[in-house]
Amino acid sequence: QVQLVESGGGLVQPGGSLRLSCVASGISFSMYVMYWYRQTPGKQRELVAFITRGDTTTYADSVKGRFTISRDNTKNTAYLQMNNLNPEDTGIYYCNANFASKFYWGQGTQVTVSS
């Protein structure tokens, strides 16, 4: 059974930082491209960042220079380090694993940026 479990969300003040984790089980993690998406009220789910099997990273323009995606294949875990957070970053963050035609989603973790 495939599972992706996100953690690390919470309430943070503007300018603060959080690190999200996504632990995968039931897949050959190193083979998968790992994505982070976010869902904000009234908007479609948007791609935040992804990291390939070869550790190439890509970011949405809105998070470039503030967020860093990484992976640790020994721990079957993907990370999203989020710095200098602002209220527009508020939402539910989901990780996604993609390999060939297989897509798997986690349950999401809430991030709220507010003073």
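Refer to the structure printed above.
Just so it is clear, the model here is predicted, and its values are computed rather than measured. By convention here, each chain's residues receive numbers from 1 onward along its written sequence. Given that this is a predicted model, residues contribute local features only at a pLDDT of at least 70 and side-chain atom pairs are listed and counted only at 80 or more, while totals for whole chains, interfaces and linings are drawn from all residues. Hydrogen atoms and water are omitted, and side-chain values are computed over all heavy atoms in the structure.

Attention shifts here to the pairing of strand β10 (residues 102–105). Pairing between two strands is assigned when DSSP locates at least 2 bridges connecting them. Each helix corresponds to a stretch of at least 4 residues labelled H or I by DSSP, and each strand to a stretch of at least 2 residues labelled E; elements are numbered beginning at the N terminus. Where strand β9 (residues 91–99) meets β10, 4 bridges bridge the pair, whose relative direction is antiparallel. The residue of β10 that forms the bridge with Ala97 is Tyr104. In this structure, the hairpin formed by β9 and β10 is closed by a connection of 2 residues, where Ala100 is found at a positive phi of approximately 55°.

All right, on to the side chain of Arg66 then. Topologically, Arg66 is positioned in the loop between β6 (57–59) and β7 (67–72). Residues contacting Arg66, with those up to four places away along its chain left out, are Gln81, Met82, Asn83, Asn84, Leu85, Asn86 and Asp89. Here a residue-residue contact requires only that any non-hydrogen atoms of the pair lie within 4.5 Å.

Right, let's talk about the environment of Gly65 for a bit. Counting through the fold element by element, Gly65 comes out in the loop between β6 and β7. A C-alpha to C-alpha distance of 9.4 Å links Gly65 and Asn84, two positions 19 residues apart in sequence.

Taken by themselves, the reported measurements are silent on function.
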